[in-house]
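Descriptive analysis of the structure
So you can see what is in the structure, the chains are spelled out below.
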Amino acid sequence: QAKALQEERSQTLEKAPAESLEAPQPPTPEPTGPTKEETAALEQALSERSAEEANQLRLRQEAEYKQTAHVLEEESREKLGHFDALQQAARERFFHETYRAKTGFDGFINAIKEYLNPRQMAEDARERKEAEDAFLHRQEKEREDRIARLRDAERTDLGDLTERHQQQREQSFRYDEN
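A look at the overall build of the protein
Within the protein, the regular secondary structure consists of four helices and zero strands. Listing every helix and strand of the protein by position from the N terminus yields α-α-α-α. Counting over 178 residues, the protein shows a buried share of 12%. Restricting the contact set of the protein to residue pairs at least 6 apart, pairs at least 24 apart contribute 91%. Surface exposure of the protein reaches about 15,200 Å², of which carbon and sulfur atoms provide 54%.

Concerning the confidence of the model for the protein
Confidence along the protein averages 83 in pLDDT terms, with 83% of residues attaining 70 or more. Per-residue pLDDT, averaged within each element of the protein, yields its smallest value for helix 1 (residues 2-22) (62) and its largest for helix 2 (residues 36-98) (92). Note on residues 16-24: pLDDT is under 50 here. Beyond four places in sequence and across chains, it has zero contacts.

Notes on the pattern of salt bridges
Close approach of charged atoms allows side chains of opposite charge to pair. Taken as a whole and judged by the stated rule, the model has 11 salt bridges. Between R126 and E123 there is a salt bridge, and its shortest N-O distance comes to 2.2 Å. Placement of the pair is R126 and E123 together in helix 4 (residues 118-177), with a separation of three residues, close to one helical turn. Accessibility expressed as a relative area gives 39% for R126, which makes it partly exposed. Judged by its relative accessible area of 29%, E123 falls in the partly exposed class. Members of the salt-bridge network, linked through shared partners, are E123, R126 and E130.

Some details on the side chain of Q87
Within the secondary structure, Q87 is located in helix 2. One polar contact links the side chain of Q87 to the main-chain carbonyl oxygen of Q139, over a distance of 2.8 Å. The residues touching Q87, leaving out its near neighbours within four places in the chain, are Q139, E142 and R143.

Quick notes on a nonpolar patch on the surface
A surface patch of nonpolar side chains, about 640 Å² in accessible area, is lined by F105, F108, I112, Y115 and L116. Positionally, F108 belongs in helix 3 (residues 104-116). On the accessibility criterion, F108 (49% relative accessible area) is partly exposed.

Some points on the packing of aromatic side chains
Overall, the coordinates contain two aromatic pairs when judged by the stated rule. When the centroid spacing of 5.6 Å and the interplanar angle of 70° are considered together, the rings of F94 and F95 count as edge-to-face. Residue class for F95 comes out partly exposed when judged on its relative accessible area of 28%. Where F94 meets F135, the ring centres are 4.4 Å apart and the plane angle is 10°; that geometry is what we call stacked. Of this pair, F94 sits in helix 2 while F135 sits in helix 4, placing them 41 residues apart in sequence. In terms of burial, F94 and F135 fall into one category: buried. A connected cluster of aromatic rings, assembled from ring pairs, spans F94, F95 and F135.

Here's the deal with helix 2
Here helix 2 contains 63 residues, and its C-alpha end-to-end distance of 91 Å stays within 8% of the 93 Å for a straight helix at 1.5 Å per residue. Within helix 2, the full set of buried residues consists of S50, L57, Q61, A69, L72, S76, L80, F83, Q87, A90 and F94.

The rules behind the values
- Residues numbered from 1 in each chain as written.
- Predicted model: local features only at pLDDT ≥ 70, side-chain atom pairs only at ≥ 80, totals over all residues.
- Heavy atoms only, no water.
- Helix = DSSP H or I, 4+ residues; strand = E, 2+ residues; numbered from the N terminus.
- Buried < 20%, exposed > 50% of the residue type's maximum accessible area, 1.4 Å probe, protein only.
- Contact = heavy atoms within 4.5 Å.
- Areas by Shrake-Rupley, 256 points an atom, 1.4 Å probe, with all protein chains shown as cover.
- pLDDT = per-residue confidence, 0-100.
- Salt bridge = Lys/Arg side-chain N within 4 Å of Asp/Glu carboxyl O.
- Polar contact = N/O pair within 3.5 Å; in protein donor to acceptor, adjacent residues only side chain to side chain.
- Patch = residues over 30% accessible without salt bridge, like charges linked within 9 Å, V, L, I, M, F, W, Y side chains within 5 Å.
- Phe/Tyr/Trp six-rings, centres within 6.5 Å; stacked < 30°, edge-to-face > 60°.
- Expected span 1.5 Å × (residues − 1).

Written out as structure tokens, the structure reads:
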């Protein structure tokens, strides 16, 4: 009897794994994704959103460029105003020192020198006039150089801003592609 039970049990164990492998599995439902129409609608919506974001980025960048250009112009105007004030102070100091009215004993000595040697006094006046012309020409040249440097700085800053904006647009484009 025991041998019969053992044989029966071994046959049952042999059949059980085979049956479990042969047993039909319930069909797994196919994952349902969006239909082609839904996918097309989503892609269209994403495309429209991307275009709107690109337009908003462009508008923000244009506004930033205009604002930065305005600020740089004002800053340059202010710097040039300060430079003009410094030059005006230098002119006043130059004229004060060059054409100082001699009074007192110095005035008396100058009057005697002019009476005794009018040619020398005329030569001194001509040299003062040449020095004045050279001084004013140098100041004008310095002002032109200052204006050129300010404009170069503005162009450089605006060029850097434009380059940064281009990089932002490229980054946004790469992001939208992915």
